[in-house]
Amino acid sequence: MLTGKQIRFLRAEAHHLKPIFQVGKGGVNDHLIKHIQEAIESRELIKVNILNNNDDDKKEIADQLSEQTGAELVQIIGKTIILYKESKDNKTIV
C-alpha cells in the first residue's frame, strides 16, 4: 500500500508520461494484462487510456488492471489510469 507522499510523488512523475496502452470495446483481456505486466516491469510507472467506445465503469477497469497485474493504482484522472509496480530488475524510482 502506498502512502500519501508516495502517491503525490508518483502522480508528479507520471504527469509527463503518455498512455502506452488503450482499453477499447473488448475490455480487459489476458493479452492486455500480459503486455501491461511486461511493460510495468521495465518502466515501473505507466498510463493506460480508456477509449470512448468502452462502456465499462472506469473504476472497475482500474481495479481489474491493478488486481490482475499486481500493480498499485495511483490515480484515475478522466479516462486515464496510472499504475505503479516496483520492478525487480529495472528499479528506477526510489
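See the structure printed just above.
Here's what I pulled together on the structure shown here. Please read these numbers as outputs of a predicted model, since none were measured by experiment.

1. A closer look at a negative patch on the surface
Point 1. On the surface, a cluster of negative charge is contributed by D55, D56, D57 and E60.
Point 2. Here E60 shows up in helix α3 (residues 58-69).
Point 3. The exposure class of E60 is exposed, given its relative accessible area of 53%.

2. Structural notes on the pairing of strand β2 (residues 45-50)
Point 1. For β2, the buried fraction is high: five of the six residues fall into the buried class.
Point 2. In the sheet, strand β1 (residues 21-23) pairs with β2 via three bridges, with the strands oriented parallel. Bridging from a neighbouring strand, V23 pairs with I50 of β2.
Point 3. Taken together, β1, helix α2 (residues 30-43) and β2 constitute a β-α-β crossover, and its handedness is right-handed.

3. Focus: unusual backbone geometry
Point 1. Located in the positive-phi region is E44, a residue other than glycine, with phi close to 75°.
Point 2. By the element assignment, E44 lies in the loop between α2 and β2.
Point 3. Taking the relative accessible area as the measure of exposure, E44 reaches 0% and is therefore buried.

4. Details of the pattern of salt bridges
Point 1. Scanning the model with the defined rule gives one salt bridge in all.
Point 2. Residue D63 is joined to K59 by a salt bridge in which the shortest nitrogen-to-oxygen separation is 3.3 Å. Placement of the pair is D63 and K59 together in helix α3, with a separation of four residues, close to one helical turn.
Point 3. A relative accessible area of 34% means that D63 is categorised as partly exposed.
Point 4. Since its relative accessible area comes to 42%, K59 is described here as partly exposed.

5. Observations regarding α2
Point 1. For α2, spanning 14 residues, the distance from its first C-alpha to its last is 20 Å, which sits close to the expected 20 Å at 1.5 Å a residue.
Point 2. Of the surrounding secondary structure, the elements contacted by the buried residues of α2 are β1, β2, α3 and β4 (80-84).
Point 3. Its side-chain oxygen placed 3.3 Å from the backbone nitrogen of H31, N29 serves as the N-cap of α2.
Point 4. Just downstream of α2, E44 is the residue with a positive phi angle, here 75°.

Cut-offs applied
Think of each chain on its own: its residues are numbered from 1, step by step along the sequence as written. Side-chain atom pairs in this predicted model are given and counted only at pLDDT of 80 or more, local residue features only at pLDDT of at least 70, and totals for whole chains, interfaces and linings cover all residues. To obtain the side-chain values, all non-hydrogen atoms of the structure were used and water was disregarded. Patches were defined on residues exceeding 30% relative accessible area and lacking a salt bridge, with like-charge contacts within 9 Å and nonpolar side-chain contacts (Val, Leu, Ile, Met, Phe, Trp, Tyr) within 5 Å. To be clear on the numbers: accessible area is Shrake-Rupley with a 1.4 Å probe, and residue cover counts the displayed protein chains and nothing else. When a carboxyl oxygen of Asp or Glu is within 4 Å of a side-chain nitrogen of Lys or Arg, the pair counts as a salt bridge. All tallies of charge rest on Lys and Arg as positive and Asp and Glu as negative; His and the ends of each chain are not included. To locate a charge, take atom NZ for lysine, CZ for arginine, CG for aspartate or CD for glutamate. A run of H or I in DSSP becomes a helix once it reaches four residues, and a run of E becomes a strand once it reaches two; helices and strands are each numbered from the N terminus. A simple rule labels every residue: compare its accessible area, found with a 1.4 Å probe on the protein chains alone, to the largest value its type can have, and call it buried under 20%, exposed over 50%, or partly exposed in between. Here, a strand pair is defined by DSSP locating no fewer than two bridges between the strands. We call a crossover right-handed when, viewed with the strands running away from us, the connection from the first strand over the helix to the second turns clockwise. Expected span, for any helix, means 1.5 Å times one less than how many residues it has. Throughout, a residue-residue contact means that at least one pair of heavy atoms, one from each residue, lies within 4.5 Å. Under the rule applied, a polar contact is a pair of N or O atoms within 3.5 Å (in protein, one hydrogen donor and one hydrogen acceptor; residues adjacent in sequence only if both atoms are side-chain atoms).

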